[in-house]
Amino acid sequence: MAPQHPADRDGDRPGRFTRLAEHASNFTSSPGFFGVCLVLVAGAITAHALKLPTQWLLVVGEAMSAVSLLLLALLKNSERRAEHAIQRKLDAIAAALLEIRREEPGAASEELRKAISMEKQT
């Protein structure tokens, strides 16, 4: 059994992980997070410059590795949700164009409205 696409997991209502990922994504694109990263990098440089014990170098290095790993997971989640939303919009546009070409009104325009509103959900 393959894992579900992140956009399909929660249904119409975003789940806890999706909300957490969204908040984390907003934080990681903020000046505050940039400041945290600068402090970590400055800590690593300072630890090396002052020739602190290896323990301190490991602590700073592990903190930077943990932040990098979390950012990778958040980035991938955000990328997959955006990719899914774009694909749904393209599918809805193609279906609406086909209905227009065939001059047959159908559900494609409603599906297009739903796909466009996905932007607010992701």
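The model shown is predicted, which means the values in this text are computed figures rather than measured ones. Note on numbering: residues in each chain are counted from 1, in written sequence order. Only residues with pLDDT of at least 70 get local features here, since the model is predicted, and only at 80 or more are side-chain atom pairs given and counted; chain-wide, interface and lining totals rely on the full set of residues. Note that water and hydrogens are dropped before the side-chain values are worked out from all heavy atoms of the structure.

How would you sum up the confidence of the model for the chain? Please name residues and give values.
Every residue carries a pLDDT, the predictor's confidence in it, which falls somewhere between 0 and 100. Looking at the chain, the pLDDT average stands at 78 and 74% of residues meet or exceed 70. Helix H1 (residues 6–9) is the least confidently modelled element of the chain, averaging 53 in pLDDT, while helix H3 (residues 31–49) averages 89, the highest of any element. Numbered from the N terminus, helices here are DSSP runs of H or I no shorter than four residues, and strands are runs of E no shorter than two.

Go over unusual backbone geometry, please, and point to the residues and values.
Of note in the backbone geometry, Lys51 takes a positive phi value of approximately 50° without being a glycine. Mapped onto the elements of the fold, Lys51 is located in the loop between H3 and helix H4 (54–102).

Give me a nonpolar patch on the surface: which residues, what numbers.
Taken together, the side chains of Ile86, Leu90, Ile93, Leu97 and Ile100 define a hydrophobic patch exposed on the protein surface, amounting to about 500 Å² of accessible area. The residue Ile86 is located in helix H4 in this model. Each patch is built from residues that are more than 30% exposed by relative accessible area and take part in no salt bridge. Like charges join if they lie within 9 Å; nonpolar side chains (Val, Leu, Ile, Met, Phe, Trp, Tyr) join within 5 Å. Only the protein chains shown count as cover for residues, and all accessible areas are computed by the Shrake-Rupley method using a 1.4 Å probe. When a carboxyl oxygen of Asp or Glu lies within 4 Å of a side-chain nitrogen of Lys or Arg, that pair is called a salt bridge.

Before we move on, could you go through the packing of H3 against H4 and cite the residues and values that matter?
All axes here are fitted lines through C-alpha atoms, helices being fitted over the stretch that makes contact, and every angle between N-to-C directions spans 0 to 180 degrees. Where H3 meets H4, the closest approach of the two axes is 9 Å, and the angle between their N-to-C directions is 150°. Regarding the angle of H3 to H4, the classification is roughly antiparallel. The element H3 and its partner H4 pack so that their crossing is left-handed. Counted together, Phe33, Leu40, Val41, Gly43, Ala44, Ala47 and His48 of H3 and Leu57, Val60, Ala63, Met64, Val67 and Leu71 of H4 form the full contact between these two elements. Residues are grouped as follows: Ala, Val, Leu, Ile, Met, Phe, Trp, Tyr, Cys and Pro are nonpolar; Asp, Glu, Lys and Arg are charged; all remaining types, including Gly, are polar. For the contact of H3 with H4, the residue count by class is 11 nonpolar, 2 polar and no charged. For classification, angles of less than 35 degrees are called roughly parallel, those exceeding 145 degrees roughly antiparallel, those between 65 and 115 degrees roughly perpendicular, and all remaining angles oblique. Here a crossing is called left-handed whenever its near helix is offset anticlockwise from the far helix by less than a right angle, and right-handed whenever the offset is clockwise. Only heavy atoms matter for contacts: two residues are in contact if any of them lie within 4.5 Å across the pair.

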